[in-house]
Amino acid sequence: MTMTNQDYVKQLPGDGKAYHFYAINELARAGFGAIDRLPFSIRILVENILRKFDGKIVGEKDLMAITGWQKRYAAPVEIPFHPARVLMQDFTGVPAVVDLAAMRDAVKQLGGDPARVNPRVPVELVADHSVQIDYSGTGTSLTANVAKEYERNSERYTLLKWAQRNFNNFKVVPPNSGICHQVNLEHLGRVTIAEERGGKAFTYPDSLVGLDSHTPMINGIGVLGWGVGGIEAEAVMLGQPYYMSIPEVIGVRLTGRLRPGVTATDLVLTLTELLRRNKVVEKFVEYFGPGMEHLSIPDRATIANMTPEYGATLGFFPIDGKTIDYLKMTGRRKQAALTQAYATTNSLFYTGREACDYTAIIDLDLADVAPCLAGPTRPQDRVPLPAMRTAFQAFQGDKAEAADSASTAQSGAVATLINDTPVTIGHGSVVIAAITSCTNTSNPHALIGAGLLAKAAVQHGLRIPAHVKTSFAPGSRVVSRYLEESGLLPYFEALGFHIAAFGCTTCIGNSGPLNPQIEQAIKEHNLNVAAVLSGNRNFEARIHQSIKSNYLASPMLVLAFALAGRVDIDLTTSPLATDPNGLPVYLKDLWPGMEEVAALAGKYVTEQAFTLEYARIFDGDAFWQDLKVTESATYQWQDDSTYIKNPPYFIGFTDTPVSPQDIVAARAFLLLGDSVTTDHISPAGAISKSYPAGQYLMAQGVNPEHFNSYGSRRGNHEVMMRGTFGNIRIKNRMVAPKEGAFTIKYPEGKEMYNYDAAMAYLAEGTPLIVLAGKEYGTGSSRDWAAKGTNLLGVRAVIAESFERIHRNNLVGMGALPLVFKTGQNAATLGLDGTETYSIIGLSDIRPRKELVVEVKKTDGTTSTFSAVARLDTEVDVLYFQHGGILPYVLRQMMKE
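Quantities reported herein were computed from a predicted structural model and do not represent experimental measurements. (Residues numbered from 1 in each chain as written. Predicted model: local features only at pLDDT ≥ 70, side-chain atom pairs only at ≥ 80, totals over all residues. Heavy atoms only, no water.)

### Here's the deal with the overall build of the protein chain
(1) Moving on: In terms of helices and strands, the protein chain carries 31 helices and 34 strands.
(2) Moving on: For the protein chain, the spread of C-alpha atoms along the three principal axes comes to 85 × 80 × 55 Å.
(3) Moving on: Taken over 896 residues, the protein chain has a buried fraction of 64%.
(4) Moving on: Within the protein chain, contacts between residues separated by at least 24 positions form 76% of all contacts whose residues are at least 6 apart in sequence.
(5) Moving on: Here the protein chain displays about 30900 Å² of accessible surface, and carbon together with sulfur accounts for 49% of that area.
(6) Moving on: Charge-centre separation for the protein chain: the mean point of 84 positive side chains lies 2 Å from the mean point of 91 negative side chains. (Helix = DSSP H or I, 4+ residues; strand = E, 2+ residues; numbered from the N terminus. Buried < 20%, exposed > 50% of the residue type's maximum accessible area, 1.4 Å probe, protein only. Contact = heavy atoms within 4.5 Å. Areas by Shrake-Rupley, 256 points an atom, 1.4 Å probe, with all protein chains shown as cover. Lys, Arg positive; Asp, Glu negative; His and termini not counted. Charge placed at Lys NZ, Arg CZ, Asp CG, Glu CD.)

This is how it looks when you write it as structure tokens:
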């Protein structure tokens, strides 16, 4: 008898609306496995497979595979997952919309109806990544920054408004509203979805993929979601399943509770270090245990937000009573009631009594967590608060001039003027202090605690040193409401932490300019200055290109180090400042009591605040409403635009793909080391006028002050190609010790900009490869890191290991990810980039196939080594054979 999923449709008990659902426990009775032993994250995948079962795209083997989840797999097992929706931000969303617009053009040119290219699942885009901190420290900073944002980005925002008007299932949360993950957590997240189908009301778990690596923040309320590449998300938007390998699930058992004075930020930095050490890359992480009871939903969301920093796919907290209470508090009472009824009925509600099977279990006693920061260049490099002075000095390597821990002297001290005020900065001086990012601004206790610390500092007569650029950028407007009503916002402002934006700002690298005198002093004296931010990423050159040391910290510690004006200090023993009477003020003198924090949060963080602010979330401000757009099935490209251009992905497009051929006589484009991030590959920050992207913009008549950022230019492939591998800190060993966007063009042996060399190779018809070390492609889910790789002519990347999202993105753009055999790398094989390379065996490529790489050295000698194709699934192979996801989807669409 042929199986049908209708046999598993049941009705929720109760006197209300008759909701139907797919009962996963019924599968156990049918012999599909012990559902009640599965991790909760896997149970949601079971429901998804059961609900989408059609015997074609989703078959019985998929249901058997996911219900038979085991602790380990000998080889990847693939399933088709159908996310309920897609979440975007503007940096990644604009190129996705550009791609969809280009697909409409391609369909039209092939004689089809362009309107067929249309999202088939709900898409929500939050414009949060473009605002920069050009103005700070004043009450007019917010308005001035938003005005500057629209001055720079109105063309991009007009494209988004066009998409909102001309695509179905596409909503835009306009700029100046909040950060996508915090808005998703506080409002967009459904937890349980209700819809009408076939005359019946159905309910099922909310799920999503997002075009940002921090999408797992929504895992904090039990929603299955993670970051993917823009190309994969576009395929989901167009009705394709997301093909994924069934993951291992690492259980993290939480016990105890945080000690007084320890924050959720301290906890997540501790977890990031712990889980990176335990190698959870590409795995689901699921939290459980009695310690869950002592973590609020914002605490859990902070932990889930930094999932990509510890390398996992998910950082999942199952639905429980705190989830229901949070939905009510954030104005989603109907969803709360439905979620409680559905989750308890369908074995998706965590009670603390479950005994789930996990691949492995990691234990953490919350009482062991201590105050800390992370840095100076990676979020997993935790630094205990008492060790900050010695850790910075070790990084700086300047022990000879290191000051006494109680002294205010600093090594490398330089005197300068800021607005006619004498200041002294040196190694370790804080020049940026930013309370920013959804990671922490979604946590009312963290911000109210910071507000109380600011109040105590003001009452002690303290001020922030003039060399510190301060900013406050909450992730939602609810924050400003409860801080105003609690009377704490004026204390932030008294210290220069005026609200300067509602967006990602410093966390994404949009920190804006430093004071020119500070910038000059740093450059002339090669100072190792610092930024302290309540964000999630601190990679090299991300926060600001002139700042080498960047530390992640809680909002309270951001304030503390801003007051101290330096990071080379132990705030547990040394005063952070002196008051106007010359008396020392210690951190303990300012630190608030948790009881007072909890009392203020309980009084001012209210359901009414969330309801009022989110009632107008899609309206936009006057800037947004003034944007003029027209309704048209295809986008009207402007030839002279430097922001939006029709990309070349479909030039020469044919109905049938050309079979992959061996890569012959390729050149090594770059020779890279470990932990090369997507920020290194495709920067999001400032565009240098001396680099190819800057030179291109100037040739188009754009003055350097109007360059904007790489992130904002992602709708223009000409800029992004020139910026690929364009980070000023990227380290290509072929030009070592020099840093930056340079390589050696062979056979001439000539040093060139990466872009110029790539164009020269392209003109010769020479394919390129990249050689790299471990953790290639860590960081943001930045599809341009793969798009740029493809457009520069890089056919393959051979690395020791890949970060999940970037590997998927490379496949999605038709580039081949390969891994060295265990114990091998470029160094052990004696590769230096002067060779030519041929990769043999692509004509009959299959998942995880071992390919032969032939190497020919300059002296004519040859050698070979083996590398494994990280095309992990049959669908990976299919996408690669089609030259990427978008050509595949377009060909499928033309067959409909």
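Anyway, onward from the coordinates.
### Observations regarding the pattern of salt bridges
(1) Moving on: Counting across every chain of the model gives 44 salt bridges.
(2) Moving on: A salt bridge links Asp-90 to Arg-156, with the shortest nitrogen-to-oxygen separation between them at 3.4 Å. Here Asp-90 is found in helix H4 (residues 90-109), whereas its partner Arg-156 is found in helix H5 (residues 141-166), with 66 residues between them in sequence.
(3) Moving on: Residue Asp-90 is classed as buried on the basis of its relative accessible area of 0%.
(4) Moving on: Between Arg-729 and Glu-739 there is a salt bridge, and its shortest N-O distance comes to 3.5 Å. Of the two residues, Arg-729 is situated in the loop between helix H26 (717-723) and strand S27 (742-745) and Glu-739 in the loop between H26 and S27; the sequence distance between them amounts to 10 residues.
(5) Moving on: Each member of the salt-bridge network shares a partner with another, and the members are Glu-282, Arg-807, Arg-848, Arg-870, Asp-872 and Asp-876. (Salt bridge = Lys/Arg side-chain N within 4 Å of Asp/Glu carboxyl O.)

### A few points about the side chain of Asp-266
(1) Moving on: Along the chain, Asp-266 falls in helix H8 (residues 264-277).
(2) Moving on: Of the side chains bearing the opposite charge, Arg-382 lies closest to the buried Asp-266, which forms no salt bridge; the N-O distance is 8.2 Å.
(3) Moving on: At 2.8 Å, the side chain of Asp-266 forms a polar contact with the backbone nitrogen of Thr-263.
(4) Moving on: At a separation of 3.1 Å, a polar atom in the side chain of Asp-266 contacts the main-chain amide nitrogen of Cys-372. (Polar contact = N/O pair within 3.5 Å; in protein donor to acceptor, adjacent residues only side chain to side chain.)

### Quick word on the packing of helix H15 (residues 444-459) against helix H21 (residues 594-604)
(1) Moving on: Viewed as axis vectors pointing N to C, H15 and H21 meet at an angle of 115°, and their least axial separation amounts to 9 Å. Seen from above, H15 lies across H21 with right-handed handedness. Where H15 abuts H21, its residues His-445, Ile-448, Gly-449 and Leu-452 lie against Glu-596, Val-597, Ala-598, Leu-600 and Ala-601.
(2) Moving on: Grouping the amino acids of the contact of H15 with H21 by side-chain chemistry returns six nonpolar, two polar and one charged. (Axes fitted to C-alpha atoms, helices over the stretch in contact; angles between N-to-C directions. Left-handed = near helix turned anticlockwise from the far one by under 90°. Nonpolar A, V, L, I, M, F, W, Y, C, P; charged D, E, K, R; others polar.)

### A look at the pairing of strand S18 (residues 414-418)
(1) Moving on: Taking every second residue as pointing to the same face, the buried face of S18 carries Val-414, Thr-416 and Ile-418, while none of Ala-415 and Leu-417 on the other face is buried.
(2) Moving on: Both S18 and strand S19 (residues 421-425) contribute to a ladder of five bridges, which runs antiparallel. By the bridge assignment for S19, Thr-416 is matched with Val-423.
(3) Moving on: The antiparallel hairpin formed by S18 and S19 contains two residues in its connecting segment, where Asn-419 sits at a positive phi of about 50°. (Pairing = 2+ DSSP bridges.)

### Thoughts on the confidence of the model for the protein chain
(1) Moving on: Chain-level pLDDT for the protein chain is 94 on average; 98% of the residues reach the 70-or-more range.
(2) Moving on: Between residues 398-408, whose pLDDT stays under 50, and residues either more than four places distant or in other chains, the model counts 17 contacts. (pLDDT = per-residue confidence, 0-100.)

### Side note on H15
(1) Moving on: With 16 residues, H15 extends 22 Å from end C-alpha to end C-alpha; this agrees with the ideal 22 Å at 1.5 Å per step.
(2) Moving on: Residues of H15 that are buried: Pro-444, Ala-446, Leu-447, Ile-448, Gly-449, Ala-450, Gly-451, Leu-452, Leu-453, Ala-454, Ala-456 and Ala-457.
(3) Moving on: Of the residues trailing H15, Gly-461 is marked for its positive phi of about 75°. (Expected span 1.5 Å × (residues − 1).)

### Some remarks on the side chain of Ser-480
(1) Moving on: Within the fold, Ser-480 resides in helix H16 (residues 477-485).
(2) Moving on: In this structure Ser-480 comes out as buried when scored by relative accessible area, which is 10%.
(3) Moving on: A polar contact is formed between the side chain of Ser-480 and the backbone oxygen of Arg-477, at a distance of 2.9 Å.
(4) Moving on: The contacts of Ser-480, once residues within four sequence positions are left out, are Ile-499 and Phe-502.

### Some details on empty space enclosed by the protein
(1) Moving on: A full pass over the atoms with the stated rule returns eight cavities of 30 Å³ or more.
(2) Moving on: The space that makes up the largest cavity amounts to roughly 180 Å³.
(3) Moving on: Forming the boundary of the largest cavity are 19 residues, of which His-129, Asp-212, His-214, Ile-508 and Arg-542 lie nearest the centre.
(4) Moving on: Grouping the constituent residues of the lining of the largest cavity by class yields six nonpolar, nine polar and four charged.
(5) Moving on: Taken as a whole, the second largest cavity encloses approximately 120 Å³ of empty space.
(6) Moving on: Taken together, 16 residues line the second largest cavity, and the ones lying closest to its centre are Pro-308, Ala-312, Glu-803, Arg-804 and Ile-805.
(7) Moving on: Ranked by the residues each element gives to the lining of the second largest cavity, the list is headed by helix H29 (residues 804-812), at three residues. (1 Å grid on protein atoms, 1.4 Å probe; cavity = no way out; pocket = protein on both sides within 12 Å on 5 of 7 lines; lining within 4 Å. Points joined across faces, edges and corners; volume = space filled by probe spheres on them.)

### Let's talk about the environment of Arg-795
(1) Moving on: Structurally, Arg-795 can be placed in strand S30 (residues 794-799).
(2) Moving on: Assessed through its relative accessible area of 36%, Arg-795 is described here as partly exposed.
(3) Moving on: Remark: the alpha-carbon pair of Arg-795 and Ile-769, spanning 26 residues in sequence, is separated by 5.8 Å.
(4) Moving on: Once residues within four sequence positions are removed from consideration, Arg-795 is found in contact with Gln-661, Ile-663, Pro-767, Leu-768, Ala-815 and Leu-816.

### Things to note about the layout of surface pockets
(1) Moving on: Approximately 1200 Å³ is the volume attributed to the second largest pocket.
(2) Moving on: Around the second largest pocket, the lining is made up of 41 residues, and of these Glu-519, His-544, Gln-545, Ala-686 and Ile-687 lie nearest the centre.
(3) Moving on: Top contributing element to the lining of the second largest pocket by residue count: helix H18 (residues 516-525), with three residues.
(4) Moving on: Class assignment for the residues of the lining of the second largest pocket results in 16 nonpolar, 16 polar and nine charged.

### Quick notes on the nonpolar core
Note on soluble globular proteins: their nonpolar side chains tend to be buried together.
(1) Moving on: Tyr-287, Phe-497 and Tyr-776 are the most contacted members of the largest nonpolar core, which has 311 residues in total.
(2) Moving on: Sorting elements by how many residues they give to this core places H4 first, with 11 residues.
(3) Moving on: The residues contacting Phe-497, other than those within four sequence positions of it, are Ala-433, Ile-435, Ile-464, Thr-470, Ser-471, Phe-472, Phe-492, Val-558, Leu-559 and Ala-562.
(4) Moving on: Counting five residues, the second largest nonpolar core, distinct from the first, contains Ile-133, Ala-473, Ala-500 and Ala-501. (Core = buried A, V, L, I, M, F, W, Y, C linked by side-chain atoms within 4.5 Å.)

### Some thoughts on the sheet that holds strand S26 (residues 663-671)
(1) Moving on: Taken in spatial order, the seven strands close into a barrel running S26-S29-S30-S31-S34-S33-S32, and their pairing is mixed. Mean inter-strand twist for the sheet, computed between neighbouring axes without regard to direction, equals 40°.
(2) Moving on: Contacting S26 and strand S29 (768-771), helix H27 (residues 754-764) runs over the sheet at an angle of about 170° to S26.

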